[in-house]
Amino acid sequence: MVIQANNNTWTAADGAALYGLDRWGDPYFGVSERGHVMVQPQGDRGGALDLVELVQELQGRGLGLPLLIRFDDILEDRLERLHAAFERAIAQYGYSGRYQGVFPVKCNQQRHVVEQLVESGRRWHFGLEAGSKAELLIALSLLSDPEALLICNGTKDRRYIETAILARRLGRQPVVVIEQADEAQRIIEASQALGAAPLIGIRARLSSRSSGRWGSSVGEKAKFGLSLPDLLASVEALRDAGLLNELRLLHFHVGSQISDIAVLKDALQEAGQIYVELTRLGAPMGYLDVGGGLGVDYDGSRTATAASTNYSLQNYANDVVATVRECCQPHGVPVPTLVSESGRALASHFSVLVFDVLGAEGQHQPALPAPAEDEPLVLRNLRDTLQAVEATQELEQLQEAWNDALKFKDDALAAFRLGYLNLPQRAIAEQLTAACGAAIARYLGTLPADAQVPEELRRLPASLASTYYANLSIFRSAPDTWAIDQLFPVLPIQRLHERPTALGSFADLTCDSDGKLERFIDRGQVKSLLELHNLQPEQPYWIGLFLAGAYQEVMGNLHNLFGSTDAVHLRLLPSGGYTVDHVVRGDTNAKVMQAMEHNPELLLERLRLASEEAIGRGQLKISEASRLMAHLEASLGQTTYLKG
Ligand SMILES: *Cc1c(COP(=O)(O)O)cnc(C)c1O
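Residues numbered from 1 in each chain as written. Predicted model: local features only at pLDDT ≥ 70, side-chain atom pairs only at ≥ 80, totals over all residues. Heavy atoms only, no water.

Caption draft 1: Structural detail: the state of the cysteines. According to the stated counting rule, one finds zero disulfides in the structure shown. With no disulfide of its own, Cys327 lies 6.4 Å from the sulfur of Cys328, the closest cysteine sulfur. (Disulfide = S-S within 2.5 Å.)

As structure tokens, this is what we get:
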């Protein structure tokens with residue numbers, strides 16, 4: 001159903017405010033006077049692309065919607081911002097250590113993404129975090145900087161550990177993190193078998209709980225991380241095996257998307273004290289890895305609600321630096337190099353999914369026929385009611401009118417049953433009733449958010465809402481939890497300078513009950529209907545789903561039942577234009593690594609070359625090199641999926 005309204009006071013800035021673009025979009029997304037979403041891939045440094053024109057041009061190159069557009073400049077800008085924030089905090093608090101981050105590969109395993117981060121991060125020796133054997137292989141093949149850290153998390157079997165040990169011999173810096181009580185023993189056995197040890201980390205299970213959506217995966221009952229008794233037992237086992245000297249890193253991870261900074265502060269204090277204790281127990285230490293969790297303000301509300309954060313990137317860096325310093329200083333313990341595994345905060349902004357709307361249910365009512373001479377009374381009553389509704393500005397009168405309209409509609413039904421009204425006449429009655437509802441909804445749309453609206457009327461707009469059919473298969477194939485739990489900014493990328501006159505939600509073409517998008521950001525809250533425009537004949541209506549670069553890309557690619565969702569990587573040119581760096585044709589059933597554009601052959605070849613060099617330098621024995629290659633080949637053969 002269409003809610004008509006006049007357009008005269010609506011500008012593109014109103015559109016940006018309505019969808020929160022001016023809050024969550026800053027500094028990468030904005031709006032032009034023409035009502036198009038604009039992208040500034042380099043943030044404040046300028047250079048802007050018109051997203052609508054961009055999609056048109058990409059279509060001209062034969063790419064189809066839905067289309068995942070990755071702005072590599074944004075990825076780089078995020079990386080710079082993260083480092084700049086830590087550099088500022090370190091200077092401000094006189095911290096005598098460094099920050100050296102890693103990217104958790106599971107956050108976005110796409111080869112171009114990981115490669116890009118490694119390349120751009122080289123100047124800071126930015127590293128990678130692997131949570132499974134497949135990710136370890138990806139990290140090993142892409143990370144060649146000998147100073148960058150390769151944090152090895154996840155459940156580890158003997159082959160995983162041996163691969164890490166051999167990678168250290170190769171000149172890399174893998175840190176094998178003990179996450180489960182029996183892993184210390186496995187590390188000891190592997191080290192004894194190979195006569196070489198990895199760098200060792202230990203993951204503490206903190207008592208501090210995340211308030212976020214993933215809060216239940218941390219705390220004392222969490223699946224990963226050692227309880228304090230297990231942690232102490234592992235330290236003693238390492239000591240007995242002569243490996244305590246390799247214990248360098250303390251790791252914790254409170255869960256993704258920490259919304260409330262207070263949770264992080266608690267965890268940091270607890271971890272800081274454990275770090276100090278570990279140095280007292282004789283471990284050399286040197287690194288404190290604060291895990292992931294750095295949140296993204298999806299709705300721009302700056303609140304401690306699930307889709308937001310009550311802190312900025314700079315607040316986060318300040319708290320990490322200041323708290324760790326406060327823990328170490330009184331004990332005379334040298335401050336550690338700070339590591340974070342920030343995935344979401346780095347990768348969310350750079351991807352935009354654009355899809356088109358194929359049609360909308362309930363939008364194209366036929367025009368109301370003019371009243372006939374001998375029109376039945378019930379229809380005349382409805383016409384009068386509609387006139388009254390359109391003329392009035394009083395809530396109370398509107399409610400009365402609406403009650404009248406509903407009553408007349410019932411009368412019309414009764415009259416039809418008794419044969420006094422024919423079918424076209426009954427249809428007119430329904431149309432008139434709907435028009436009354438739309439007129440009231442239009443009036444309600446102009447009221448301030450806190451206006452006292454009677455419940456019956458408040459529900460009216462929802463009952464008139466349209467379903468927009470999205471040309472997108474992901475809702476059908478994406479897990480329920482995704483659609484239900486996570487909010488993303490969703491908005492039309494054109495016509496933002498026109499007042500949206502409809503309310504709607506999205507469904508994919510199957511109308512599968514899971515194939516829906518009906519939860520939208522609303523400044524710290526959630527709304528079930530989005531303000532949208534009435535579709536115009538022959539005019540495309542494109543919707544953007546933003547901040548989709550972390551964890552969600554799978555929806556644009558791997559889980560798409562139709563298979564061929566395209567993706568492009570774009571770079572801004574100094575002249576203001578752009579180049580398309582990579583075009584990735586989506587694929588469906590290829591093995592996971594290949595689906596993420598990794599080439600297992602190339603991976604083996606790179607590591608073979610690195611091994612040859614290490615042999616040449618006398619770092620690696622030929623027998624170790626062949627063992628490493630055997631592990632890699634075997635692991636590749638086993639890998640059919642990645643752990644989440
Ligand atoms: C998922 C995960 C991360 C990444 O978390 P973000 O919230 O995306 O930064 C980091 N470390 C570990 C151990 C994880 O499981």
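Caption draft 2: Seen up close, helix α13 (residues 377–391). Over its 15 residues, α13 extends 21 Å from the first C-alpha to the last, a length consistent with the 21 Å expected when each residue adds 1.5 Å. Every buried residue of α13 is accounted for by Val378, Leu379, Leu382, Arg383, Thr385, Leu386 and Val389. Along α13, the residues classed as buried sweep out an arc of 160° about the axis, all on the same side. The outward face of α13, more than 90 degrees from its buried face, is lined by the exposed residues Leu377, Gln387 and Ala391. On its buried face, α13 sits against α14 (395–417) and α15 (423–445). (Helix = DSSP H or I, 4+ residues; strand = E, 2+ residues; numbered from the N terminus. Expected span 1.5 Å × (residues − 1). Buried < 20%, exposed > 50% of the residue type's maximum accessible area, 1.4 Å probe, protein only. Arc of directions from axis to C-beta. Contact = heavy atoms within 4.5 Å.)

Caption draft 3: Summary view of the packing of helix α6 (residues 133–142) against helix α22 (residues 600–616). Orientation of α6 relative to α22, taken along the N-to-C sense of each, is 55°, at an axis distance of 9 Å. Taken together, the axes of α6 and α22 are oblique relative to one another. Crossing of α6 over α22 shows left-handed handedness. Contacts from Leu137, Ile138, Leu140, Ser141 and Leu142 in α6 reach Leu603, Arg606 and Leu607 in α22. (Axes fitted to C-alpha atoms, helices over the stretch in contact; angles between N-to-C directions. Parallel < 35°, antiparallel > 145°, perpendicular 65-115°, else oblique. Left-handed = near helix turned anticlockwise from the far one by under 90°.)

Caption draft 4: View of the pairing of strand β9 (residues 199–203). For β9, the tally of buried residues reaches five of five residues, placing the bulk of the element in the interior. Taking every second residue as pointing to the same face, both faces of β9 are buried, with Leu199, Gly201 and Arg203 on one and Ile200 and Ile202 on the other. For strand β8 (residues 173–178) and β9, the ladder comprises four bridges, and the chain directions are parallel. Bridge pairing in β9 places Val177 opposite Gly201. Handedness of the crossover is the feature at issue here: the chain leaves β8, passes through helix α8 (residues 183–194), returns alongside β9, and the resulting connection is right-handed. Sheet analysis places β9 next to strand β10 (residues 247–251), joined by four bridges and oriented parallel. (Pairing = 2+ DSSP bridges. Right-handed = clockwise from strand over helix to strand, strands pointing away.)

Caption draft 5: Representation of the site of the ligand. Around the ligand, the surrounding shell holds 16 residues, and the nearest of these are Lys106, Ser256, Glu341, Gly343 and Tyr551. One of the backbone N or O atoms of Arg344 is found 2.8 Å from an oxygen atom in the ligand. Between Tyr551 and the ligand, the recorded distance is 2.5 Å, taken from a side-chain N or O atom to an oxygen atom. Coverage of the ligand by the protein amounts to 91% of the 390 Å² it exposes when considered alone. Split into classes, the residues belonging to the shell around the ligand amount to two nonpolar, nine polar and five charged. (Near = heavy atom within 4 Å. Polar contact = N/O pair within 3.5 Å; in protein donor to acceptor, adjacent residues only side chain to side chain. Areas by Shrake-Rupley, 256 points an atom, 1.4 Å probe, with all protein chains shown as cover. Nonpolar A, V, L, I, M, F, W, Y, C, P; charged D, E, K, R; others polar.)

Caption draft 6: Highlighting helix α11 (residues 313–328). The end-to-end C-alpha distance of α11, which contains 16 residues, comes to 23 Å, matching closely the 22 Å that a straight helix rising 1.5 Å per residue would cover. Burial runs high along α11: 13 of the 16 residues are buried.

Caption draft 7: Spotlight on the nonpolar core. Among the nonpolar cores identified, the biggest contains 161 residues, and Ile69 and Phe506 are the most heavily contacted of them. The residue makeup of this core includes at least three contributed by each of domain 1 (102–341) and domain 3 (589–636). In this view, Ile69 contacts Leu51, Leu54, Val55, Leu58, Phe350, Ser351, Val352, Val354, Val568 and Leu570; residues no more than four positions away in its chain are not counted. Core analysis: the second largest hydrophobic core is formed by 27 residues, Ala401, Trp402, Leu432 and Leu444 among them. (Core = buried A, V, L, I, M, F, W, Y, C linked by side-chain atoms within 4.5 Å. Domains from an automatic or database assignment.)

Caption draft 8: Just the sheet that holds strand β6 (residues 127–130), in detail. The strand order β5-β6-β7-β8-β9-β10-β11-β12 describes an open sheet built from eight strands, whose pairing is parallel. Each edge of the sheet is formed by a strand with only one pairing partner; in this case those strands are β5 (102–104) and β12 (337–339). Each strand of the sheet is rotated relative to its neighbour by a mean of 25°, with strand direction disregarded. Of the pairings in the sheet, the one linking β10 to strand β11 (residues 287–289) comprises three bridges and is parallel in character. When the sheet's bridge partners are listed, Leu250 is paired in β11 with Leu288. α8 contacts β8 and β9 of the sheet and is inclined by roughly 140° relative to β8.

Caption draft 9: Focus on the pattern of salt bridges. Tallied over the full model, the rule gives 31 salt bridges. Each of the salt bridges in this network shares a partner with another, and the network as a whole consists of Asp44, Arg45, Asp77 and Arg81. (Salt bridge = Lys/Arg side-chain N within 4 Å of Asp/Glu carboxyl O.)

Caption draft 10: Structural context of the environment of Val113. Along the chain, the position of Val113 falls in helix α5 (residues 111–120). Along the sequence, Val113 and Phe350 sit 237 residues apart, while their C-alpha atoms lie 9.9 Å from each other. Those residues in contact with Val113, other than ones at most four positions away along the chain, are Arg70, Leu75, Asn108, Phe350 and His569.

Caption draft 11: Seen up close, the sheet that holds strand β3 (residues 49–50). Read across the sheet, three strands follow the order β1-β2-β3 without closing on themselves; strand pairing throughout is antiparallel. Looking at the sheet topology across the chains shown, the edges are occupied by β1 (29–31) and β3. In the sheet, β1 pairs with strand β2 (residues 37–39) via three bridges, with the strands oriented antiparallel. Directly across from Phe29, in β2, lies its bridge partner Val39.

Caption draft 12: Expanded view of the packing of aromatic side chains. Summed over the entire model, instances satisfying the criterion amount to 11 aromatic pairs. Ring geometry for Phe29 and Phe546: centres 5.0 Å apart, planes at 75°, overall edge-to-face. Taken as a pair, Phe29 in strand β1 and Phe546 in the loop between β21 (542–545) and α20 (553–556) lie far apart in primary sequence, 517 residues in all. You'll find Phe29 and Phe546 in the same group, each marked buried. (Phe/Tyr/Trp six-rings, centres within 6.5 Å; stacked < 30°, edge-to-face > 60°.)

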